[in-house]
Amino acid sequence: MINMKKLNTIALAVTIPALLLSACSKSGAPAVSPGSSSSVASAAATKKLDPREISIYFAGPTAQKDVALVEEEINKITREKINATVKINHLGWGDYAQKTNLMIASGEPFDLMFTSGNDLSINVAKGAYVALNDPANNLLEKYGQDILKSMNPKFLTGTTIKGLNYALPTEKEMASQQGLFLRKDLVEKYKLDLKTIKRLEDLEPFLQQVKAGESADVIPIVATSNFLNLLPYEFIGGFQSPGVISKTGTTPKVVNIFETPEAKDLFKLMYNWNQKGYFQKDPGTNTNLKAQNDEGLVAARWSQLKPGGDLEASNLSKKPLIQVEFTQPYVASADLNNSMLAVSRTSKDPERAVMFLNLLHSDPRIVNLMDFGIEGKHYVKVAGKDNVIKVPDGFAASKDTGYFPGNTWQVGNQFLTYLFQNEDPQKWEKFKTFNAAGVPSPILGFTYNSESTKNEEAALASVVKSYIDGLSGGVVDPEKYLPEFNDKLKKAGMDKVIAEKQKQIDEFIKNKK
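These numbers come from a predicted model, not from an experiment.

Chemist: Where do I start with the sheet that holds strand β16 (residues 388-390) in this structure?
Modeler: Sheet strands associate in pairs through backbone hydrogen bonding, adopting either a parallel or an antiparallel arrangement. In spatial order, the strands read β15-β16-β17; together these three strands make up an open sheet with mixed pairing. A strand with exactly one partner marks an edge of an open sheet, and here the two such strands are β15 (380-381) and β17 (419-420).

Chemist: How do you make sense of the nonpolar core when you look at a structure like this?
Modeler: The tendency in soluble globular proteins is for nonpolar side chains to be buried side by side. Ile-56, Ile-88, Phe-356 and Met-370 are the most contacted members of the largest nonpolar core, which has 66 residues in total. The element that contributes the greatest number of residues to this core is helix α15 (residues 350-360), accounting for seven residues. Setting aside residues no more than four positions away along its own chain, Phe-356 makes contact with Ile-54, Ile-56, Thr-78, Ile-82, Val-86, Leu-112, Ile-366 and Met-370. Judged by nonpolar contacts, the second largest core, of 59 residues, contains Leu-180, Ile-257, Ile-443 and Val-476.

Chemist: I would appreciate a short explanation of the sheet that holds strand β11 (residues 300-305) in the present structure.
Modeler: If you trace the three strands from one edge of the open sheet to the other, you get β11-β7-β12, paired in antiparallel fashion. Every interior strand has two partners, whereas the edge strands, β11 and β12 (321-325), have only one. Within the sheet, the average angular offset between the axes of one strand and its neighbour, ignoring direction, is 35°. Judged from the six bridges that link them, strand β7 (residues 177-183) and β11 form a sheet pairing that is antiparallel. If you follow Leu-180 over to β11, its bridge partner there is Trp-302.

Chemist: Help me understand unusual backbone geometry in this model?
Modeler: Peptide bonds are mostly trans, and most non-glycine residues show a negative phi. A positive phi angle, close to 50°, is found at Asn-83, a residue other than glycine. Note on placement: Asn-83 falls in the loop between α3 (67-82) and β2 (84-92). You can call Asn-83 buried: its relative accessible area is 19%. Here Lys-162, not a glycine, exhibits a phi torsion of approximately 55°, which is positive. Locating Lys-162 in the fold gives a position in the loop between β4 (160-161) and β5 (164-165).

Chemist: Quick question: what am I supposed to make of the pairing of β11 here?
Modeler: Two faces, one strand: in a regular strand the side chains alternate between the faces of the sheet. Summarising burial for β11: six of the six residues are buried, a large majority. Of the two faces of β11, the one carrying Ala-300, Trp-302 and Gln-304 and the one carrying Arg-301, Ser-303 and Leu-305 are both buried.

The rules we used
Residues numbered from 1 in each chain as written. Predicted model: local features only at pLDDT ≥ 70, side-chain atom pairs only at ≥ 80, totals over all residues. Heavy atoms only, no water. Pairing = 2+ DSSP bridges. Helix = DSSP H or I, 4+ residues; strand = E, 2+ residues; numbered from the N terminus. Core = buried A, V, L, I, M, F, W, Y, C linked by side-chain atoms within 4.5 Å. Buried < 20%, exposed > 50% of the residue type's maximum accessible area, 1.4 Å probe, protein only. Contact = heavy atoms within 4.5 Å. Axes fitted to C-alpha atoms, helices over the stretch in contact; angles between N-to-C directions.

Geometric values such as these leave the question of function open.
In structure tokens:
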């Protein structure tokens, strides 16, 4: 899993300004004064909207058997609200980038797609997305009034490129925190005191016990390059372009993370742990362990954390999980733009697409259908608790019900969604506290534009791909291969990329003052 979740309650119905465009709109809606809100006017306006199908593409979740049934329930609402139906497409992580890049390159018509981080600036440079707050036709102001009412304005700073918002972030946690998920039963079995775990190294006695005391199919800890996120650095422009700034420094200076002493120490630890057999089989190539995670065959794994993240992840696993935090909450642009929905330039009706986005941020019925499916079939409500759900009798886990994409963090306003019965009833209040506690990045709101260094970026990505899994999986000796890795990064244009990142950051700070 990656990241996720939600905030305060918002109006159920889309406001009239969000439904109505000027007389010159593509959808043919009549002009209505901003203050108009009668149900008669709303019904009349909906009838005058041409029927549309809105296609939406999500990343990561696998295809869901009952997706058509869920679409049918959503469409009962969207036909009435905006005279549109919805087509949900779930693409696997392995296919998502290739398929969506092909869609963009070929000019295939579609409406909404998941995007994040550096992909946003890359696709904006290609002209792939519609600017949502373009002064010439401000779609957010016309059709996203509920979004603007509910969303913390800081969220929108992370999706701005040259003053324009090209994608709409999910309303969820604003800060990020790094740590581990541990199998709760094994923590209890081996009497692990979580208060003593401050660094990865502190976990070794537990890993030794798991290795010695559990069956051979239990993996003590999963090797992953994501352990780099535990280091006190903020990535600028994406993981495969290894320029970072210190999270604790006062002046943002861009450096190559793989030349830092912290990265060297991390790779030494990974090498040591692989020699001791703590990792999965073939850790340099076997990096997708979803099935083992779901079956509860992993004792420890990296995760980005948030309040209640372990309980949420437990709904996807046959073994309950518990989390241990290694870092303080931190707010970077990447935390604000790590989950967004963009309107495609090829959309036949971008106005209607934004109307649907508005519903995803204001109508709990639609958000919960997208996230959890149909009540009584894919989940049931806990007696006496209208906002608390559980897996229906006869199913071991939500993923077995026919619809549970597990991508709640990609969908609209997470604060409108149900809680599972094993989750903290104060979860959303704790999210508010978590967001408020986040230490802001010194370059919050900065988005790196890689256009001028795209050739070097491609070369660096190729070098990173060649070395990173071997180093982070402990397969190769960092004493030999880390200097070789850095030498090849330098030859691929690392210095030019770092200089460009520093230049853009300096300019951002100068203009911010």
